[in-house]
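Structural overview for review
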Amino acid sequence: MKKTLLAAAILVMSTTMAYAGPQGEPPMGPPPAGHGDRPPCCEKPGCKPPAPKVDMEKKLKLTPDQIAKAKALRMDSREQMRPIMDAIKTKTEQKEIIKHNQSLTAEAQCEQVEILNNQINELKKQAHEIRIKNERDFEALLTAKQKKELDKIKANAKKDMVKQHKDKCKSKSHKNCPPKCPPKEPPVGPME
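Here the residue numbering is sequential within each chain, running from 1 through the sequence in written order. The model is predicted, so local features are restricted to residues of pLDDT at least 70 and side-chain atom pairs to those at 80 or more, both for listing and for counting; the totals for chains, interfaces and linings are taken over all residues. Only hydrogens and water are removed before side-chain values are computed, so all heavy atoms of the structure are retained for them.

Helix and strand labels come from DSSP, where a helix needs a run of H or I of at least four residues and a strand needs a run of E of at least two; each type is numbered from the N terminus. Regarding its fold elements, the protein chain presents 5 helices and 0 strands. Starting at the N terminus and ending at the C terminus, the protein chain contains elements arranged as α-α-α-α-α. The buried share of the protein chain, taken over its 192 residues, is 21%. Any two residues whose heavy atoms approach within 4.5 Å are treated as being in contact. Summarising the internal contacts of the protein chain: among those between residues at least 6 apart in sequence, 74% fall at separations of at least 24. Method for areas: the Shrake-Rupley scheme with a 1.4 Å probe, in which residue coverage is limited to the protein chains shown. Put simply, the protein chain shows about 15100 Å² of open surface, and 59% of that area lies on carbon and sulfur atoms. For each residue, the accessible area found with a 1.4 Å probe, counting protein chains only, is set against the maximum for its type, and the residue is called buried under 20%, exposed over 50%, and partly exposed in between.

The salt bridge definition used is simple: a Lys or Arg side-chain nitrogen within 4 Å of an Asp or Glu carboxyl oxygen. Under the counting rule described, the total for this entry stands at 8 salt bridges. Between Glu139 and Lys154 there is a salt bridge, with the nearest N and O atoms lying 2.5 Å from each other. In this pair, Glu139 is assigned in helix α4 (residues 106–141) and Lys154 in helix α5 (residues 144–171), connecting sequence segments 15 residues apart. For Glu139, a relative accessible area of 22% puts it in the partly exposed group. Each of Glu135, Glu139 and Lys154 takes part in one network of salt bridges that share partners.

Here we take up the nonpolar core. Side-chain atoms within 4.5 Å are what join buried Ala, Val, Leu, Ile, Met, Phe, Trp, Tyr and Cys residues into a set we call a nonpolar core. Ranked by size, the top nonpolar core spans 9 residues in total: Met56, Leu60, Leu62, Ile67, Ala70, Phe138, Leu142, Leu150 and Ile153. For this core, the secondary-structure elements that each account for two or more residues are α2 (56–60), α3 (64–99) and α5.

Quick look at the confidence of the model for the protein chain now. Looking at the protein chain, the pLDDT average stands at 77 and 59% of residues meet or exceed 70. Summarising per-element confidence for the protein chain, the mean pLDDT is lowest in helix α1 (residues 2–18) (59) and highest in α3 (94). Confidence per residue, as judged by the predictor, is encoded in pLDDT with a range of 0 to 100. A low-confidence stretch, residues 24–29 stays under pLDDT 50, and its non-local contacts, those more than four residues away or across chains, total 1 contact. Predicted confidence is poor over residues 174–178, with pLDDT under 50, and the contacts of this stretch with residues over four places away or in other chains come to 0 contacts.

One non-glycine residue, Lys61, lies in positive phi territory at about 55°. Considering the arrangement of structural elements, one finds Lys61 in the loop between α2 and α3.

With that out of the way, let us pick up the packing of α3 against α4. Only the contacting stretch of a helix is used when fitting its axis, a line to C-alpha atoms as for every element, and angles between N-to-C directions run 0 to 180 degrees. The interhelical angle for the contact between α3 and α4, taken along N-to-C directions, is 175°, at an axis separation of 9 Å. Viewed along their axes, α3 and α4 adopt a mutual orientation that is roughly antiparallel. For the contact of α3 with α4, the class distribution of residues is 16 nonpolar, 11 polar and 8 charged. Geometric relationships in this document are graded by angle, where less than 35 degrees denotes roughly parallel, more than 145 denotes roughly antiparallel, 65 to 115 denotes roughly perpendicular, and other angles denote oblique. Residue polarity is assigned by list, with Asp, Glu, Lys and Arg as charged and Ala, Val, Leu, Ile, Met, Phe, Trp, Tyr, Cys and Pro as nonpolar; anything else, Gly included, falls into the polar class.

Once that is clear, we can look at α3. Between its terminal C-alpha atoms α3 stretches 50 Å, which fits the 52 Å expected from 36 residues at 1.5 Å a residue. At every residue, the bend is computed as the angle between two fitted axes, covering the seven residues ending there and the seven beginning there respectively. Most pronounced at Met81, the bend in α3 amounts to some 35°, and the proline Pro83 follows within four residues. Residues of α3 that are buried: Gln66, Ile67, Ala70, Arg74, Ser77, Met81, Ile84, Ile88, Lys95 and Ile98. Helix span is expected to be 1.5 Å times the residue number reduced by one.

Following this line, the structure appears as structure tokens:
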């Protein structure tokens, strides 16, 4: 599952960058002195700059026709995803409001959060199905040689993701995690 999500993300990011327009100086002017080439996210000690983006069009040697079809697939997928992602965002915001609502008991908060979590999970499943379909449709555009190259890119990306996950887990502190809802107790009484 992670493999397909990663491949879809790489595809979307690389093709979006290709159509983003001319690369020029940022509209806000040059960065302040002393910042060098480091992106703003890397001001923290021990931060590593993001890995360079893979240009899928060049790596896969896509034809202009394939590029056009891939762009159409991506736009169609984006339109299908927009209402789902908006709903996830809304439900996540509702969840935060409930968590901070002091007029509700802890049990009521947990129940409402659980309902929203279930709804969010269903929406995420729908989004995942759209991503999988988009990935399959994109792979259907590719030649056998291009599919092999895509498989290599996916394998390398998966290795990098596993390594980053291990590094993140080693340095992650779990102090700020929110408390979890207590497990529900089974009903008490005679069973029929």
